[in-house]
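# Structural description and commentary
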Amino acid sequence: DAGITQSPRHKVTETGTPVTLRCHQTENHRYMYWYRQDPGHGLRLIHYSYGVKDTDKGEVSDGYSVSRSKTEDFLLTLESATSSQTSVYFCAIRRHTNTEAFFGQGTRLTVV
Amino acid sequence: AQTVTQSQPEMSVQEAETVTLSCTYDTSESDYYLFWYKQPPSRQMILVIRQEAYKQQNATENRFSVNFQKAAKSFSLKISDSQLGDAAMYFCASPQGSNFGNEKLTFGTGTRLTIIP
C-alpha cells in the first residue's frame, strides 16, 4: 500500500466551527489532492497541490482552503463548517501526471 | 461542470457473464492517461486499469479490458467472467486542463455494479 494516511478517520463537528483534515504521505510524491465523495456526485476535486506551497482550486473549492508547507503534508481546512460539507473526504497522491493516484482511507465528516 | 460522464448509475450482471461500463470524457490535452478505479464497500479506492491516450492498443489486465476511442473521447471498461468480488462502485477518471497539463484528475459519478449469483 502507498504510504498515505488521513486523520482523523471520523469527525463530528458543529456548524460554524473550523475543521482541519490532514493528509500525510511517506512516498515523496509531488502531487496531492483532496476530493469529497457524495452519493450521486462521485468524487469531486476540492483542491490540489503540485509542490510545496503550490496549490490550485478544483471544481468545489468554495468554503475550503488548503496548505502544503512540507512535501509530506497536505491540510484541508473548512473555515466555518456547514451541513452541506458533510461528506467523505479522500486524499490522493501521485508521483507524476502519467501515473495513477493512490488514495487514503477517507475521512467521514459530519457537520451537525 | 462534470467533464467525465458515466451514464449508467447502476448495472447488474450474472456471475461469469461479461459487462461493459461506459465512460466519456472531455479534455483539451493531447497526451494523457485515463483510469478506472474500483471502490468496494470497504471504501478503499483500487486502480483497475489505465490507458495511455497516445497508444492505439487497448489496455488489458486479466479479466478487465478497455475500449478506448480517442476521437470519440470514450473509455469503456469491459469485465469478463464476472465474479462476486467484482461487485463495487466503478469510477472513470481523466485529466482536466490546468497550469502544466494533466495534473487535475477528474472523476465521474460512478457506476454501481451488482453481480447476480
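Because the structure is a prediction, the values reported are computed rather than measured.

### Here's the deal with the overall build of chain A
Of regular secondary structure, chain A possesses zero helices and 11 strands. The linear arrangement of helices and strands in chain A, starting from the amino end, is β-β-β-β-β-β-β-β-β-β-β. Against the 2.2 N^0.38 benchmark of 13 Å for 112 residues, chain A shows a C-alpha radius of gyration of 13 Å, consistent with a compact globule. The dimensions of chain A, computed from C-alpha atoms along their principal axes, are 40 × 25 × 25 Å. When the 112 residues of chain A are sorted by exposure, 52% land in the buried category. Nonlocal contacts in chain A, meaning residues at least 24 apart in sequence, comprise 54% of its contacts between residues at least 6 apart. Placing the 13 positive and 12 negative side-chain charges of chain A at their respective mean positions leaves the two points 2 Å apart.

### Considerations on the environment of Gly85 of chain B
Residue and element names in this part refer to chain B. Its place among the elements puts Gly85 in the loop between strand E9 (74-79) and strand E10 (88-96). Owing to a relative accessible area of 53%, Gly85 belongs among the exposed residues under this scheme. Spatially, the C-alpha atom of Gly85 lies 22 Å from that of Gly108, the residues being 23 residues apart in sequence.

### Topic: the environment of Thr26 of chain A
Residue and element names in this part refer to chain A. Within the secondary structure, Thr26 is located in the loop between strand E3 (19-25) and strand E4 (31-38). On the basis of relative accessible area, Thr26 is assigned to the exposed category, the value being 58%. It is 9.2 Å that separates the C-alpha atoms of Thr26 and Asp73, two residues lying 47 residues apart in sequence.

### Observations concerning the state of the cysteines
The tally for this structure, following the rule as stated, stands at two disulfides over all chains. One disulfide bridge connects Cys23 of chain A with Cys91 of chain A, the sulfur atoms lying 1.9 Å from each other. What sets the handedness of the Cys23 of chain A and Cys91 of chain A disulfide is the S-S torsion sign, and at about -75 degrees it is left-handed. Note that Cys23 of chain A is positioned in strand E3 and Cys91 of chain A in strand E9 (residues 87-94), a separation of 68 residues in sequence. On the basis of relative accessibility, which here comes to 0%, the residue Cys23 of chain A falls in the buried class. Covalent S-S linkage joins Cys23 of chain B and Cys92 of chain B, the inter-sulfur distance amounting to 1.9 Å. Taking the sign of the S-S torsion, about -65 degrees here, the bridge from Cys23 of chain B to Cys92 of chain B comes out left-handed. Taken as a pair, Cys23 of chain B in the loop between strand E3 (19-21) and strand E4 (24-25) and Cys92 of chain B in strand E10 lie far apart in primary sequence, 69 residues in all. Judged by its relative accessible area of 1%, Cys23 of chain B falls in the buried class.

### Notes on unusual backbone geometry
The linkage connecting Ser7 of chain A with the following residue, Pro8 of chain A, adopts the cis geometry, with an omega of -5 degrees. Despite not being glycine, Asp81 of chain B has its phi angle at roughly 50 degrees, a positive value. Relative to the helices and strands, Asp81 of chain B is located in the loop between E9 and E10. By relative accessible area, which is 40% here, Asp81 of chain B ends up partly exposed.

### Structural notes on the pairing of E4 of chain A
Residue and element names in this part refer to chain A. Most of E4 sits inside the fold, with eight of its eight residues counted as buried. Residue alternation in E4 divides its side chains into two sets, Tyr31, Tyr33, Tyr35 and Gln37 and Met32, Trp34, Arg36 and Asp38, and both sets are buried. Note: E4 against E9, seven bridges, orientation antiparallel. The partner of Trp34 across the bridge, within E9, is Cys91. In this antiparallel pair of consecutive strands, E4 and strand E5 (residues 42-51), the connection spans three residues, and Gly40 shows a positive phi of 85 degrees.

Criteria and thresholds
- Residues numbered from 1 in each chain as written.
- Chains lettered and ligands numbered in written order.
- Predicted model: local features only at pLDDT ≥ 70, side-chain atom pairs only at ≥ 80, totals over all residues.
- Heavy atoms only, no water.
- Helix = DSSP H or I, 4+ residues; strand = E, 2+ residues; numbered from the N terminus.
- Rg over C-alpha atoms; globule rule 2.2 N^0.38 Å.
- Buried < 20%, exposed > 50% of the residue type's maximum accessible area, 1.4 Å probe, protein only.
- Contact = heavy atoms within 4.5 Å.
- Lys, Arg positive; Asp, Glu negative; His and termini not counted.
- Charge placed at Lys NZ, Arg CZ, Asp CG, Glu CD.
- Disulfide = S-S within 2.5 Å.
- Pairing = 2+ DSSP bridges.

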